[in-house]
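Coordinate analysis (summary)
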Amino acid sequence: MVPVRRKAEAVSRLESDRVTALHGAGGELMGKLLAERILPRFKLRSAGPIGLDALDDGAVLELPPGQVVVSTDNHVVKPIFFPGGDIGRLAACGTINDLAVMGARPVAMTMGLILEEGFPLADLDRILTSAADVLAELGVALVAGDTKVMGKGELDGIAINTTGIGVAAHAISDAGLRVGDAILITGTIGDHGMALLAAREGFGLETRLESDVAPLWPLVAQVLPVGGITAMKDPTRGGLAAALNEMARKARVGIEVREADIPLRPEVQAVSELLGIHPLEVACEGRAVIGVAPDRADAVLAALRGHPLGQDARIIGHAIPDYPGRVILDTGIGGRRFLEMPIGDPVPRIC
Ligand code: MG
């Protein structure tokens, strides 16, 4: 048996400013990582005396009444720090937004970290702080987590899994569109994917491209009481094109959108032309597509615009009886064409 003092010395000798294999090995060094770097940043439980703050084997939750909505996401974004955010903010927002577009208030989140040996602990601190800031803003508790380390070269720095738990009065599907419904978008399209691509390629373009990554729940909470929402979806991988096609297919309606009404930042338009990538196929991480019954569309639009995240909200089209399962893009001057489901996201590792 190793004497306690010698063990403490051994632990401190093993400490460095980088992740080592021992940080995921379940012993003293992992305990220190948890106790000093991870747990203090988060509010740890929403209810009950058992859970992460007791380092129990699982979380015990007491949830408010309603339908429980659960969603999970893996995050492997490259680069991990990008204009407008980082993998920590993205990991928290990605999961929370999937709950939000189902009409669920996020209550709790779990987080699994996989780290590459040698990953700078200062970068881990920044990433954890970004995730914790999102959860703190929304009052979401971190209720469970896990940390593993892979060898150098076996992983590209860091991967994060998050699972979100939310509660909805009545969960909203992305399949609920009805003919006549207005199609709304809460803000500009393609900012996240284009910002990542520009940062990755390092064109040295004088652009102000920034990711739109943001938690959608505060915006959704503001519009839900207006009523009339029939379907909601966040246009992440595959962008607006994928989201609209999926909504049309699931509801077996056509969707017609007017290209001129789709809000696009000029710098997103410019980079997309430069690279030959269709901006409507590029991911957003802080936007929602919303289907609204025609008599509530203007009221929902006004509620969206009353929130900072929804200032650029627009009605971009309608669900139509023709072309069920297809999306028609009205390009102006009498031009119409199908907006196809993208084969894949044109930008890999964007989330
Ligand atoms: Mg989604």
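Residues numbered from 1 in each chain as written. Predicted model: local features only at pLDDT ≥ 70, side-chain atom pairs only at ≥ 80, totals over all residues. Heavy atoms only, no water.

1. Focus: the coordination of the magnesium ion
What counts is decided by this rule: Coordination shells were defined by N, O and S atoms within 2.8 Å of each metal, extended to 3.2 Å for Na, K and Ca; water is absent from the atom set, which can make sites look incomplete. The way it works is that DSSP assigns letters per residue, a run of H or I at least four long becomes a helix, a run of E at least two long becomes a strand, and they are numbered from the N terminus. Exposure is judged per residue with a 1.4 Å probe applied to protein chains only, and the accessible area is read against the type maximum: over 50% gives exposed, under 20% gives buried, and values in between give partly exposed.
Taken together, the protein donors to the magnesium ion comprise Asp98 (OD) and Asp234 (OD), at separations of 2.1 to 2.2 Å. One end of the pair, Asp98, is in helix 3 (residues 87-100); the other, Asp234, is in the loop between strand 8 (229-233) and helix 7 (239-251), and 136 residues separate them in sequence. Looking at Asp234, the relative accessible area reads 8%, which means it is buried.

2. Concerning the pattern of salt bridges
Stated precisely, the cut-off is as follows: Basic side-chain nitrogens of Lys or Arg form a salt bridge, by our definition, when they fall within 4 Å of a carboxyl oxygen of Asp or Glu.
Summed over the entire model, instances satisfying the criterion amount to 16 salt bridges. Across the pair Asp191 and Arg265 runs a salt bridge, and its minimum N-O distance is 2.5 Å. Residue Asp191 is located in helix 5 (residues 191-201), and its partner Arg265 is located in the loop between strand 9 (254-258) and helix 8 (266-275); the two are separated by 74 residues in the primary sequence. For Arg265, a relative accessible area of 32% translates into the label partly exposed. Among the ionic pairs, Arg258 bridges to Asp261, the shortest N-O distance being 2.5 Å. Take Arg258: its relative accessible area is 29%, and that puts it in the partly exposed class. One salt-bridge network, in which partners are shared between bridges, spans Asp174, Lys233, Glu246 and Lys250.

3. What to know about the domain arrangement of the protein chain
For the record, the criterion: Just so you know, the domain bounds were taken from an automatic or database domain assignment. Any two residues whose heavy atoms approach within 4.5 Å are treated as being in contact. As a working definition, buried area equals the accessible area (1.4 Å probe) given up by two parts on being put together, with both sides summed.
Partitioning the protein chain into structural domains gives domain 1 (2-168) and domain 2 (182-338). Computed over C-alpha atoms only, the centres of domain 1 and domain 2 are separated by 30 Å. Listed per partner, the contact involves 23 residues of domain 1 and 22 residues of domain 2. Interface area for domain 1 against domain 2, summed over the two sides, is near 1700 Å², with a carbon-plus-sulfur share of 70%. Our count for the domain 1 to domain 2 interface comes out at zero salt bridges. Of all the secondary structure elements, the ones that give two or more residues to the side of domain 1 that touches domain 2 are helix 3, strand 4 (105-116) and helix 4 (121-138). If one sorts the elements of the side of domain 1 that touches domain 2 by residue count, helix 3 sits on top with eight residues.

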